[in-house]
Every structure is written in C-alpha cells, then in structure tokens.
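The residues making up each chain are set out below.
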Amino acid sequence: MTDRFDGIQTFLEVVESGSLTLAAERLNLTRSAVGKALARLEARLGVRLLQRTTRSQTLTEEGQAYYEHCLRAQAELEAAESGLESGRREPRGRLRASLPLAFGHHHAAPALLGLIERYPQLQVDIAISDRVVDLVQEGYDLAVRIGELPDTDRLVARRLGEQTMRLAAAPAYLARFGRPADVAALAQHRGIDYCAPGQSQRWELRDPQGRAHTVHLPWHARLNDLQAVADAAIAGAGLAWLPNWLLARYVQSGQLEPVLADHRAAAMPIHVLWPRSRHMPAKTRCAVDALVAAMPACMEECRTRPVSTVRTRKTQGSRS
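Only a predicted model underlies this, so the values are computations on that prediction, with no experimental measurement involved.

### Describing helix α10 (residues 244-253)
Part 1 of the reasoning: Counting buried positions along α10 yields seven of 10 residues, so the element is predominantly enclosed.
Part 2 of the reasoning: Residues of α10 that are buried: Asn-244, Trp-245, Leu-246, Leu-247, Ala-248, Tyr-250 and Val-251.
Part 3 of the reasoning: The positive-phi residue at the C-terminal boundary of α10 is Gly-254, with phi of around 85°.

Structure follows, in structure tokens:
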C-alpha cells in the first residue's frame, strides 16, 4: 500500500517548482534522486507525466489530470490533519512565520515568541526579511504583510492595524538646521533615504487641507533597513520618513521629534495572512490571536512631548 504513494510528493514538488533542480533543493535530495523517483512513478502508472527538455518541462494530458487528483487528495489529507489538531487543547508542532524586518523585530516576533512559554510543545520558526514569500509553496504557516494584499483565494487575511509614515528628526538636528515651517522648506534639508527593494523613493504626504505633496530631499545617507534609518536620524544625520509604530517610541523618549506633524501619508494596512484550509490548525489560530492582541499598543500614535528647552529656528527660506 505504501508503494502506491511513493514519488507523489516528489511529483507535486517538481510541478510546483518548475524544475528538477529546484524540487531537489526544496526536498533536500539530489537532482538524480528526484529524477529516479519521478521515473519510478511514471513506470508504475504506465504513463508519461512530464515532457522534459534541457530548458523546460510541461505536463502531459495524463500528467495534468493526475496532478489535479493529487492536489485534491493532498487537500483532503491536510484538512483531516487540521481537523484532528484543532480538537487538541494545546497547539503543538512547528510554526513557520515570515515577518517584515523592523516590524518583525519590534512587534511581531516578540508576540510570537511569547507563545513558547505558554505552549511547551510548540516550536516557533521565524524568518525576518522584507522578501515576500509564497506561503503555500514555501511551507509557511503565516506571514505579516504591510501594504495592499495580492488578489488570491489561496490565502486568508486578518487586519492587524495600519501604518502611517511621518517625518521626524533629532532635536540636535533641528537646533542646528531649523525646523521646516512648510513643505517648501523641506528642500533645504538633508534626507535619510530608505532604499529597500520595491519601495518608493518618494515621500508623499498630505497637508491639513488634504492637498497632496511629493517631496524629494537631497539624501546624505541611504540605508536599506528602517531601524538603521531611525538610528541615523537619532544621530542627527537628517530628516527621516518613518512609520508610526517605529517612530512612537523615539518620540516618547525624546530622541526624535515629529516634523510637520499635521502632514502625514495615506495609511497602509497591516495584515496577518495564512493559507486557506478547511480547518485552521491550532498553532496558526493561537499565533494569529497573539498578533491581534499585541497590536493595539504598537499602533498607538506618537504623543507630542513638551517642547525642547533647546531653541530651534524655523526655516522658511534659504539657510544663512
């Protein structure tokens, strides 16, 4: 009976990855072992499942039909396992989560790591990166995403909060170069550029009257990590464009001050996503609940501190 299932997972991985080489990497096998497993499966079924050349592979008609049957069978098995797990009182097993860099470090990762004290049989495996992973193909249980979501029916999403970007600078920088009185005065200031892949280089904000402004500051420092941008701003390197959930702590400590506080960017949603299934695994459910519970504190808007005792001048024209 077991022999009938040999090679099926390999076949699915080859189809979904698009090549024997990638399938071998994901299965932690050699390319030769993957090829032999596929050949044995085709020999047992008596049909060719894939047409392979040196440059590409395509499913045959029989291969397409078999692939669709295998997917349905896999979904049924996953649903059965999830149903059994959802009946357990205590989450267990390995929870794989993908989190964005700075938000993951400061908020999402601590919320998830708190679960291991409550659930000793749970293992939390966290990847912190701004790379957008494919949850289904790469085997992640959940991910936190900031921004608009892809249009897909393979994932379920729950909103955690929203991110708004704000301008800020260190008190020492403002004392030296002056506090911008309006958007036009920003052109006279130094900027700290955030250059993560796929991120806009423009700072787009709206004034209290709802008018949109696009700001291009001459940058004197360029960094690909938001925490590093905040650190540079604290050191006095220039004006920074930071999210509310990161800026708030530094405003409250007095290390940074909001600039043009009544100007802000359009809000971006923050979601937790997980693969759609008939039964939600207990480990995923408890992780989503932990993230939801942790968000109100980190979504708190920046509170304005008393004005610094250091006198700062407003900049309206060119610096003198």
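### So, the nonpolar core
Part 1 of the reasoning: Grouped together as the largest cluster of nonpolar side chains are 60 residues, with contacts concentrated most on Leu-142, Leu-242 and Leu-291.
Part 2 of the reasoning: With near-sequence residues (within four places) excluded, Leu-291 lies in contact with Ala-108, Ala-111, Leu-112, Leu-142, Val-144, Leu-160 and Val-272.

### Quick word on the packing of helix α1 (residues 8-17) against helix α2 (residues 20-27)
Part 1 of the reasoning: The N-to-C vectors of α1 and α2 enclose an angle of 125°; their axes lie 8 Å apart at closest approach. Classed by the angle they form, the pair α1 and α2 counts as oblique. Relative to α2, the crossing made by α1 is right-handed. Of the residues in α2, those in contact with Thr-10, Glu-13, Val-14, Glu-16 and Ser-17 of α1 are Leu-20, Leu-22, Ala-23, Arg-26 and Leu-27.
Part 2 of the reasoning: The class makeup of the residues in the contact of α1 with α2 is five nonpolar, two polar and three charged.

### Here's the deal with the environment of Val-229
Part 1 of the reasoning: Here Val-229 lies in helix α9 (residues 226-234).
Part 2 of the reasoning: Overall, Val-229 belongs to the buried group, its relative accessible area being 1%.
Part 3 of the reasoning: Distance in space between the C-alpha atoms of Val-229 and Cys-195 is 9.9 Å, their sequence separation being 34 residues.
Part 4 of the reasoning: Setting aside residues up to four positions removed in sequence, Val-229 forms contacts with Ile-192, Asp-193, Tyr-194, Leu-223, Ala-240 and Leu-242.

### Some details on helix α5 (residues 101-113)
Part 1 of the reasoning: Compared with an ideal rise of 1.5 Å per residue, which puts 13 residues at 18 Å, α5 spans 16 Å between its outermost C-alpha atoms and falls more than 12% short.
Part 2 of the reasoning: In α5, a bend of some 40° at His-107 exceeds every other bend along the element, and Pro-110, a proline, comes one to four places later.
Part 3 of the reasoning: Listing the buried residues of α5 in full gives Ala-102, Phe-103, Gly-104, His-107, Ala-108, Ala-109, Ala-111 and Leu-112.

### A short note on the sheet that holds strand β14 (residues 257-259)
Hydrogen bonds between backbone groups are what pair the strands of a sheet, and the pairing can be parallel or antiparallel.
Part 1 of the reasoning: Spatially, the three strands line up as an open sheet ordered β13-β7-β14, and their pairing is antiparallel. Each of the sheet's edge strands pairs with one partner strand only, and the pair in question is β13 (240-243) and β14. Adjacent strand axes in the sheet meet at a mean angle of 55° when their direction is disregarded.
Part 2 of the reasoning: Bridge count for strand β7 (residues 165-169) against β14 is three bridges, and the pairing is antiparallel. Residue Leu-167 lies in a different strand from β14, and its bridge partner there is Val-259.
Part 3 of the reasoning: Lying on the sheet, α10 is in contact with β7, β13 and β14; it crosses β13 at an angle near 105°.

### A closer look at the pattern of salt bridges
When the charged atoms of two side chains with opposite charge come close together, those side chains can pair.
Part 1 of the reasoning: By the definition in use, this model includes 10 salt bridges.
Part 2 of the reasoning: With a closest N to O distance of 2.9 Å, Arg-131 and Glu-138 form a salt bridge.
Part 3 of the reasoning: For Arg-159, the salt bridge is made with Glu-162, and the minimal N-O distance between the two is 3.3 Å.

Here is what the cut-offs are and how they apply
- Residues numbered from 1 in each chain as written.
- Predicted model: local features only at pLDDT ≥ 70, side-chain atom pairs only at ≥ 80, totals over all residues.
- Heavy atoms only, no water.
- Buried < 20%, exposed > 50% of the residue type's maximum accessible area, 1.4 Å probe, protein only.
- Helix = DSSP H or I, 4+ residues; strand = E, 2+ residues; numbered from the N terminus.
- Core = buried A, V, L, I, M, F, W, Y, C linked by side-chain atoms within 4.5 Å.
- Contact = heavy atoms within 4.5 Å.
- Axes fitted to C-alpha atoms, helices over the stretch in contact; angles between N-to-C directions.
- Parallel < 35°, antiparallel > 145°, perpendicular 65-115°, else oblique.
- Left-handed = near helix turned anticlockwise from the far one by under 90°.
- Nonpolar A, V, L, I, M, F, W, Y, C, P; charged D, E, K, R; others polar.
- Expected span 1.5 Å × (residues − 1).
- Bend = angle between axes of the 7 residues up to and from the residue.
- Pairing = 2+ DSSP bridges.
- Salt bridge = Lys/Arg side-chain N within 4 Å of Asp/Glu carboxyl O.

By themselves, these figures tell us nothing about what the structure is for.
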